[in-house]
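# Remarks on the overall topology
One letter stands for each residue in the lines below.
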Amino acid sequence: MPSPNDSTDESESPDHSYVTTFDPADGRPSEAVVTAVAAVLEADPAELSPLYDVMDPGALNDLVEHAQRGATDGTHLVWFTYEGLDVGVRSDGEIRIRNVTAAS
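Throughout, a residue's number is its position along its own chain's written sequence, starting from 1. Totals for whole chains, interfaces and linings use all residues, but because this is a predicted model, local features are given only for residues with pLDDT of at least 70 and pairs of side-chain atoms are given and counted only at 80 or more. Processing note: side-chain calculations cover all non-hydrogen atoms of the structure and skip hydrogens and water entirely.

## Quick notes on unusual backbone geometry
The phi dihedral of E42 is positive, around 50°, even though this residue is not glycine. Helix and strand definitions follow DSSP, with helices as H or I runs of at least four residues and strands as E runs of at least two, each counted in order from the N terminus. With respect to the element layout, E42 can be found in the loop between α1 (29-41) and α2 (57-69). Buried means the residue's accessible area, taken with a 1.4 Å probe over protein chains only, is under 20% of the maximum for its type, while exposed means over 50%, and partly exposed covers the values in between. E42 gets classed as exposed once you look at its relative accessible area, which sits at 74%.

Shown next, in the form of structure tokens:
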């Protein structure tokens, strides 16, 4: 379930995280996630397992689109694990990626 008004986790180590953005008004968050994870893993996006194995891409896209229409509701954030990485997608267009094993 998305969390309103997510705050930045100050304890998050910058050595084990990656932050990128996409245009929530024009882009598809599901595609941005695959591209970002591929960049972190230094892999071709086609080599990754399908996103739908862990997250419904359509639901993710709909969540961000819905949050954009109701922009007064604050920023929403959804986290999931994909390709061994924690992936957080914010409704304002920010994607945070953390290495699960390195953060432990």
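## Considerations on the environment of E83
Position of E83 relative to the elements: it lies in the loop between β3 (76-82) and β4 (85-90). Sequence separation of E83 and S49 is 34 residues, and the distance between their C-alpha atoms is 7.3 Å. By definition, residues are in contact when any of their heavy atoms lie within 4.5 Å. Every residue in contact with E83, bar those within four places of it in the chain, is listed here: V37, L41, L48 and S49. Looking at E83, its side chain comes within polar contact range of the side chain of S49, at 2.6 Å. Pairs of N or O atoms are called polar contacts if they sit within 3.5 Å, as long as, within protein, a hydrogen donor faces a hydrogen acceptor (for residues adjacent in sequence, only side-chain-to-side-chain pairs).

## Here's the deal with the nonpolar core
Among the nonpolar cores identified, the biggest contains 20 residues, and V33, V37, F80, Y82, V87 and V89 are the most heavily contacted of them. Among the secondary structure elements, those contributing two or more residues to this core are α1, α2, β3, β4 and β5 (94-99). If one sorts the elements of this core by residue count, α1 sits on top with 6 residues. What we call a nonpolar core is a set of buried Ala, Val, Leu, Ile, Met, Phe, Trp, Tyr and Cys residues that are connected through their side-chain atoms within 4.5 Å.

Functional significance is not addressed by these values, which are geometric in nature.
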